Amino acid sequence: RNWLKSRFHFSFAEYNNRQHNDSFGVINVLNDDLVQPHRGFGTHPHGNMEIVTYVVNGELTHQDTMGTNESLSRGSVQFMTAGSGLEHSEFNHGDKPLRFIQTWIKPSQLNLTP
């Protein structure tokens with residue numbers, strides 16, 4: 001069973017649509033993700049990106065190298081500055097599917113403090 005269904009609005013990961021830009025202004029990524037129960041994204045790096053996550057349904061557990069460990073429920077919004085670099089994970093520890101929308105925004109300054 002596929003644990004992740006993503007809708008990409010720009011070319012991202014395995015999705016590449018040459019007829020559309022890779023971004024829209026400062027918006028680099030706009031993904032609509034559906035994560036199956038007890039699955040998620042293991043620890044992975046980000047840098048020089050502002051990341052905004054909105055939880056549509058379910059609960060998203062976020063943990064990062066800055067010491068953040070929190071669970072976000074329906075309607076929650078998380079803002080994360082990846083700046084000079086950090087690593088984080090995102091998981092659905094619940095028994096129901098998790099849907100969230102994530103936007104990556106190019107910062108006006110590079111290497112900000114996460």
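The structure under discussion appears in the preceding block.
The text that follows walks through the structure, step by step, so that each part is easy to find. (Residues numbered from 1 in each chain as written. Predicted model: local features only at pLDDT ≥ 70, side-chain atom pairs only at ≥ 80, totals over all residues. Heavy atoms only, no water.)

Side note on the environment of N2
To be explicit about the condition: Numbering goes from the N terminus for both helices and strands, where a helix is a DSSP run of H or I of at least four residues and a strand is a run of E of at least two. Accessibility here uses a 1.4 Å probe with only protein chains present; expressed as a share of the type maximum, an area under 20% marks a residue as buried, one over 50% as exposed, and anything in between as partly exposed.
Within the secondary structure, N2 sits in the segment before β1 (4–8). Its relative accessible area of 49% is what places N2 among the partly exposed residues.

Here we look at the environment of E90
Note the cut-off: Two residues qualify as a contact provided that any one of their heavy atoms is within 4.5 Å of a heavy atom in the partner residue.
Of note, E90 is situated in strand β8 (residues 86–92). Along the backbone, E90 and G42 are 48 residues apart, and their C-alpha atoms lie at a distance of 6.7 Å. Those residues in contact with E90 that sit more than four places away from it in its chain are G40, F41, H44, T53, L60, T61, H62, F100 and Q102.

Side note on the sheet that holds strand β3 (residues 39–46)
This is how it is decided: Two strands are counted as paired when DSSP detects at least two bridges linking them. The angle between two axes is taken between their N-to-C directions and runs from 0 to 180 degrees, where each axis is a line fitted to C-alpha atoms and a helix contributes only its stretch in contact.
Strand order in this open sheet of four strands is β3-β8-β5-β6, and the pairing throughout is antiparallel. The open sheet has two free edges, formed respectively by β3 and β6 (69–73), since each of these has just one partner strand. Averaged over neighbouring strand pairs, the angle between their axes works out to 20 degrees when direction is ignored. When strand β5 (residues 59–64) meets β6, the two strands line up antiparallel, connected through five bridges.

Observations regarding unusual backbone geometry
At H38, a residue that is not glycine, the phi angle is positive and equals roughly 60 degrees. With respect to the element layout, H38 can be found in the loop between β2 (27–35) and β3. Notably, N111 is not glycine yet its phi reads approximately 60 degrees, a positive angle. Examined against the element boundaries, N111 turns out to sit in the segment after β9 (98–105).

Some points on the pattern of salt bridges
Selection criterion: Salt bridge, as used here: a side-chain nitrogen of Lys or Arg that lies within 4 Å of a carboxyl oxygen of Asp or Glu.
Counted by the stated rule, this structure contains two salt bridges. Between R7 and D32 there is a salt bridge; the shortest N-O distance is 3.7 Å. On the criterion of sequence distance, the pair formed by R7 in strand β1 and D32 in strand β2 is long-range, its members being 25 residues apart. For R7, a relative accessible area of 56% gives the class exposed.

Such coordinate-based values are descriptive only and should not be taken to indicate function.
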